[in-house]
Amino acid sequence: MEFAILANVLAKMEATKKRLELTQYLVELFQDTPNEVIARIVYLLQGKLRPDFEGVELGVAEKLAVRAIAKSSGMPIKKIESEYRKKGDLGNAATVILEQKTQTTFLAEDITVERVYDTLYKIASLEGSRSQDMKMKYISSLLNDATPIEASFILKILLGTLRLGIAENTVMDALAIAYTSSKENRKILERAYNVSSDLGQVAEIIANEGLDGITKFEVKLFNPIRPMLADRVKSESDAIEKMGKRFAAEYKLDGERVQLHISNEKVILFSRSLENITSYYPDIVEKIPNMINASEVILEAEAVAINEDTGEFLPFQELMHRRRKYKIEKAVTQYPITINFFDVLFHNGKSCLELPYEQRRKTLENIVKENDFAKYVPMEIVTNENEIEEVLENSINSGCEGLMLKMLDKPYQAGARGNYWLKLKREYRNELGDSLDLVVIGAFFGKGRRTGRYGTLLLATYDDDQDVFTSICKVGTGFTDEDLDQLYQILSNKVTIKKNPRIDSDMEADVWFEPELVLEVVASEITLSPIHKAARDTIRKNAGLALRFPKFTGKIRIEKTAEDASTNQEVITLYRGQKKISQDKSQV
Ligand code: AMP
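Residues numbered from 1 in each chain as written. Predicted model: local features only at pLDDT ≥ 70, side-chain atom pairs only at ≥ 80, totals over all residues. Heavy atoms only, no water.

What follows concerns the overall build of the protein chain. Helix and strand content of the protein chain: 19 helices and 21 strands. Whereas a compact globule of 588 residues would reach a radius of gyration of roughly 25 Å, the protein chain reaches 25 Å, a difference of no more than 12%. Reported as C-alpha extents along the three principal axes, the dimensions of the protein chain are approximately 80 × 60 × 50 Å. Excluding contacts between residues fewer than 6 apart, the proportion of contacts in the protein chain whose partners are at least 24 apart in sequence is 72%. (Helix = DSSP H or I, 4+ residues; strand = E, 2+ residues; numbered from the N terminus. Rg over C-alpha atoms; globule rule 2.2 N^0.38 Å. Contact = heavy atoms within 4.5 Å.)

What follows is the structure in structure tokens.
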């Protein structure tokens, strides 16, 4: 397939933000795509080469790309850098530079999607001391044969700056229309995506096997399943109203969610955002297979740091020390954990997702043998407010965050946040008291004691409809000196020269970041704001929502990606809930 076809569609998509138009462009693109290339097209559209869980990173630095453009165009590096500063995007700068060149040379051959993909894959696989030179050689060989427009998109994919404003849902809408002629079939594609976390694979199956193939699509060992998520409830009585007469109350442990894929030969661990985290937990890999009574299984558990002397649970932050490349053995002894199982998703060749909770829990208890290291998450069946209150009390007293309430007769809904699971935290009972997980998008330099670090951070919610990050508050309280140092270290690697186009904010921050890091924040109230962009125009025209008196809780949510941050929809619900409480109060 000619790369020009893809490049032309990408150029049209960059020029619009309208979801309907974007979907239509994708449909046309898919209709022009041969089946054997569809998976690669879907990955490239997302600026990827493989599904996230495989961890294939392109890892090309801007400097290297500038050198490659210089080599291909014969222009001096200074000229390319100055064009880059003018355009704010290296891909677009390359178009201008290479347009000047094509007048004097001719293109050697058309480049294909296959060739671009293979070359990018080779670049991603290169390691070691000579890899930089090799990467440059590969990039400039592509640029030599590319038209200026093609070159710009090759560079954007390489540098991770391709921003089309399409979330997975838009791609699935377009796949459903292109291959089944009906957007309604999106739901069936979505199920396959939720159990495989691999949109390229889903596209390949719908293209080759049609609806029949995708309907039969099943869970596979070592293909992570998108986790089921919980809605919030504020009180025991709300929980009863939503859950009915009899349901499970599990402790909500404050650790890292781990999806364990285990066969006789190997163990792979995935995080909540489906990153492969096997190397951080050699203790799980070593011990768990001996405690499992099954040849193939996918389990879910919460890894929690503990005090080995007292057996107490320690806060989630302790697990940060495990996130390292080197000397992991030392971290394993210094920061011991227990692994606390709460679900089984696949067992000896069969999916367990469709089984009701009660049966999954029983299966789980038959599979895992408990000991000091491996446990089941404590669970009680509850039938009234007093019983919930009692389990909540016990959970908080043993260092947990609250409860996860689960309906007994419901399946595991991969990738969905719904009412079958609810979370109840102690603080939820005070007004907003609830915490939000927000993305750091910008910062303002500190003064006084904070000189040389970021004094105030600009935070955003995730608008999952538009796939953008909308500013919601500035936060400067709740940080210890140690937090400020740590955040400075993490964030200074994420600084961008220009504001990322997925950031929606009118603030004039001193620095902008790639929207990646998620922090937990509490606030006294949600208010309407003329400045901030979260849920803009939803409650009132020309107003967004903002947090009043926001405060950092001390938790850096390393296990969450920016797309896992609190959404505008969640903030709107909290805003409405808070209004309801104040109305109720004024009526008393
Ligand atoms: P939140 O991150 O506040 O939306 O809460 C959901 C997270 O709670 C999950 O991703 C798990 O990491 C964690 N968790 C702790 N205990 C449980 C449990 N018993 N069942 C499910 N998730 C749990």
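Next comes the rest of the description.
One open sheet accounts for five strands, arranged 1-11-10-2-9; its pairing is mixed. Single-partner strands in this sheet number two, and they are strand 1 (229-233) and strand 9 (379-382). Across the sheet, the mean angle separating the axes of adjacent strands is 35° when strand polarity is ignored. Bridge count between strand 1 and strand 11 (residues 417-425): five bridges; the pairing is parallel. For Arg-232, the partnering residue across the bridge sits in strand 11 and is Lys-423. Helix 16 (residues 357-367) contacts strand 2 (247-252), strand 9, strand 10 (402-407) and strand 11 of the sheet and is inclined by roughly 55° relative to strand 2. Across the sheet, helix 17 (residues 385-397) is in contact with strand 2, strand 9, strand 10 and strand 11; its angle to strand 10 comes to roughly 135°. (Pairing = 2+ DSSP bridges. Axes fitted to C-alpha atoms, helices over the stretch in contact; angles between N-to-C directions.)

Turning to the nonpolar core, a few remarks are in order. A general trend in soluble globular proteins is that nonpolar side chains are found buried together. In terms of nonpolar packing, the biggest core is built from 111 residues, with Phe-30, Leu-45, Leu-120 and Leu-405 touching the most fellow members. Met-320, Cys-473, Leu-491 and Phe-552 belong to the second largest nonpolar core, which has 32 residues in total. (Core = buried A, V, L, I, M, F, W, Y, C linked by side-chain atoms within 4.5 Å. Buried < 20%, exposed > 50% of the residue type's maximum accessible area, 1.4 Å probe, protein only.)

We now examine the site of the ligand. Around the ligand, the structure places 15 residues, and the nearest of them are Glu-250, Leu-253, Glu-302, Lys-406 and Lys-423. One nitrogen or oxygen atom from the main chain of Tyr-251 is found 3.1 Å from a nitrogen atom belonging to the ligand. Here Leu-253 contributes a backbone N or O atom positioned 3.0 Å from a nitrogen atom of the ligand. The protein chains hide 95% of the 500 Å² of surface that the ligand would expose on its own. For the shell around the ligand, the secondary-structure elements that each account for two or more residues are strand 2, strand 10 and strand 11. With three residues, the top contributor of residues to the shell around the ligand is strand 2. Taken together, the residues of the shell around the ligand sort by class into six nonpolar, no polar and nine charged. (Near = heavy atom within 4 Å. Polar contact = N/O pair within 3.5 Å; in protein donor to acceptor, adjacent residues only side chain to side chain. Areas by Shrake-Rupley, 256 points an atom, 1.4 Å probe, with all protein chains shown as cover. Nonpolar A, V, L, I, M, F, W, Y, C, P; charged D, E, K, R; others polar.)

Our focus in this paragraph is helix 16. For helix 16, every residue scored as buried is listed here: Tyr-357, Arg-360, Arg-361, Thr-363, Leu-364 and Ile-367. Buried residues of helix 16, seen end-on, are gathered within an arc of 160° and therefore sit on one face of the element. Opposite the buried face of helix 16, by more than 90 degrees, sit the exposed residues Lys-362 and Asn-366. (Arc of directions from axis to C-beta.)

Counted by the stated rule, this structure contains 39 salt bridges. Linking Glu-365 and Arg-361 is a salt bridge whose minimum nitrogen-to-oxygen distance equals 2.8 Å. Taken together, the residues span about one helical turn, with Glu-365 and Arg-361 both in helix 16 at a distance of four residues. Judged by relative accessible area, which is 35%, Glu-365 ranks as partly exposed. (Salt bridge = Lys/Arg side-chain N within 4 Å of Asp/Glu carboxyl O.)

Tracing the sequence through the fold places Gln-132 in helix 8 (residues 131-145). In this structure Gln-132 comes out as partly exposed when scored by relative accessible area, which is 37%.

Another aspect to go through is the pairing of strand 20 (residues 544-548). Side-chain positions along a regular strand alternate between the two faces of the sheet. Most of strand 20 is tucked away, with four of its five residues classed as buried. The sheet contact formed by strand 19 (residues 525-529) and strand 20 spans five bridges and is antiparallel. Within strand 20, the position partnered with Thr-527 by the bridge is Ala-546.

A word on the side chain of Glu-83. Relative to the assigned elements, Glu-83 resides in helix 5 (residues 77-87). Apart from the residues within four sequence positions on either side, Glu-83 is in contact with Ala-93, Val-96 and Ile-97.

This part is about the packing of aromatic side chains. One pair of aromatic rings is described through two measures. These are the centre distance and the angle between the planes. In total, this model carries nine aromatic pairs according to the counting rule given. Taking 4.7 Å as the distance between ring centres and 45° as the angle between the ring planes, the aromatic pair formed by Tyr-454 and Tyr-488 counts as tilted. Taken as a pair, Tyr-454 in strand 13 (residues 454-463) and Tyr-488 in helix 18 (residues 481-492) lie far apart in primary sequence, 34 residues in all. A residue is classified by how much of its surface remains accessible, and Tyr-454, at 5% relative accessible area, is buried. On the basis of relative accessibility, which here comes to 29%, the residue Tyr-488 falls in the partly exposed class. Connected via pairs of aromatic rings, a cluster forms that spans Phe-445, Tyr-454, Tyr-488 and Phe-513. (Phe/Tyr/Trp six-rings, centres within 6.5 Å; stacked < 30°, edge-to-face > 60°.)

Look at helix 13 (residues 236-243) against helix 17: their axes get within 9 Å of each other, and the N-to-C directions meet at 120°. Between helix 13 and helix 17, the interaxial angle falls into the category oblique. Crossing hand, helix 13 versus helix 17: right-handed. Counting all contacts with helix 13, which are made through Glu-236, Ser-237, Ala-239 and Ile-240, the residues of helix 17 involved are Glu-385, Ile-388, Glu-389 and Leu-392. Residues that form the contact of helix 13 with helix 17 fall into these classes: four nonpolar, one polar and three charged. (Parallel < 35°, antiparallel > 145°, perpendicular 65-115°, else oblique. Left-handed = near helix turned anticlockwise from the far one by under 90°.)

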